[in-house]
Amino acid sequence: MTDTTGQARRRSDARRNEQALLDAAAAVFVASGVEAPVRDIAAAAGVGVGTVYRHFPTRADLVVAVYRHQVEACAEAGPTCLAEAQSPHAALTGWIDRFVDLLVTKHGLAAALRADSAQFEALHTYFVDRLVPVCAGLLDAAATAGEIRADVNAYQLLRAVGNLCVGADSDPRYDARRVVGLLLDGLRVRE
């Protein structure tokens, strides 16, 4: 094995470890919040605690990386939803469901990044810049197909969905997904 092959394998292993860490951290954050012990995240990823700190020296670094990873997955799901759904409205509904999943893992992010407001603001800008165009594309496709009203603004829709999800984890009687579904149904064009 040449040195370049060994380096490539180590880089591949490092990327795989990082992906496993991000996926595990997201699951642990949903179950236990962003203050969950690092050892729990390491165990869920099947790596040692040192590996977590090697990739993410601070908790804020890990939280931001998880959030960015999930924003990317949500953004990349938009075109896939459109290609695979039975209709543009179904694609929009499926994608918004993924967006709701993202919002669930976002819980606790502000508190975790409180000491670094610049990092939090940059993350919010990234979130908006990455997801609003995806949502706009899905809305345009559904409007062009005559399935929804043509005057729906992507940013406003994402804000509305976000507002409907606030507090869902603290009230077991509140079903945010159902309320978001009602909102999406309200966008439909009726004959």
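Structure's up top.
Now for a look at the structure at hand. (Residues numbered from 1 in each chain as written. Predicted model: local features only at pLDDT ≥ 70, side-chain atom pairs only at ≥ 80, totals over all residues. Heavy atoms only, no water.)

Moving on to the nonpolar core. Grouped together as the largest cluster of nonpolar side chains are 36 residues, with contacts concentrated most on Trp95, Ile96, Phe99, Phe127, Leu131 and Val161. With 11 residues, the top contributor of residues to this core is helix α7 (residues 117-144). Contact partners of Phe99, with chain neighbours within four places excluded, come to Cys74, Phe127, Leu131, Leu158, Val161 and Gly162. Of all hydrophobic cores here, the second largest spans 20 residues; its members include Val28, Ala36, Phe56 and Val63. (Core = buried A, V, L, I, M, F, W, Y, C linked by side-chain atoms within 4.5 Å. Buried < 20%, exposed > 50% of the residue type's maximum accessible area, 1.4 Å probe, protein only. Helix = DSSP H or I, 4+ residues; strand = E, 2+ residues; numbered from the N terminus. Contact = heavy atoms within 4.5 Å.)

This paragraph deals with the pattern of salt bridges. Applying the stated criterion across every chain, the model contains seven salt bridges. When the shortest N-O distance is used, the salt bridge between Arg177 and Asp101 registers 2.2 Å. Here Arg177, found in helix α9 (residues 176-186), pairs with Asp101, found in helix α5 (residues 88-106); they are 76 residues apart in sequence, far enough to count as distant. Linking Asp171 and Arg173 is a salt bridge whose minimum nitrogen-to-oxygen distance equals 3.2 Å. On the basis of relative accessibility, which here comes to 24%, the residue Asp171 falls in the partly exposed class. A single network of salt bridges, built from pairs that share partners, joins Asp97, Asp101 and Arg177. (Salt bridge = Lys/Arg side-chain N within 4 Å of Asp/Glu carboxyl O.)

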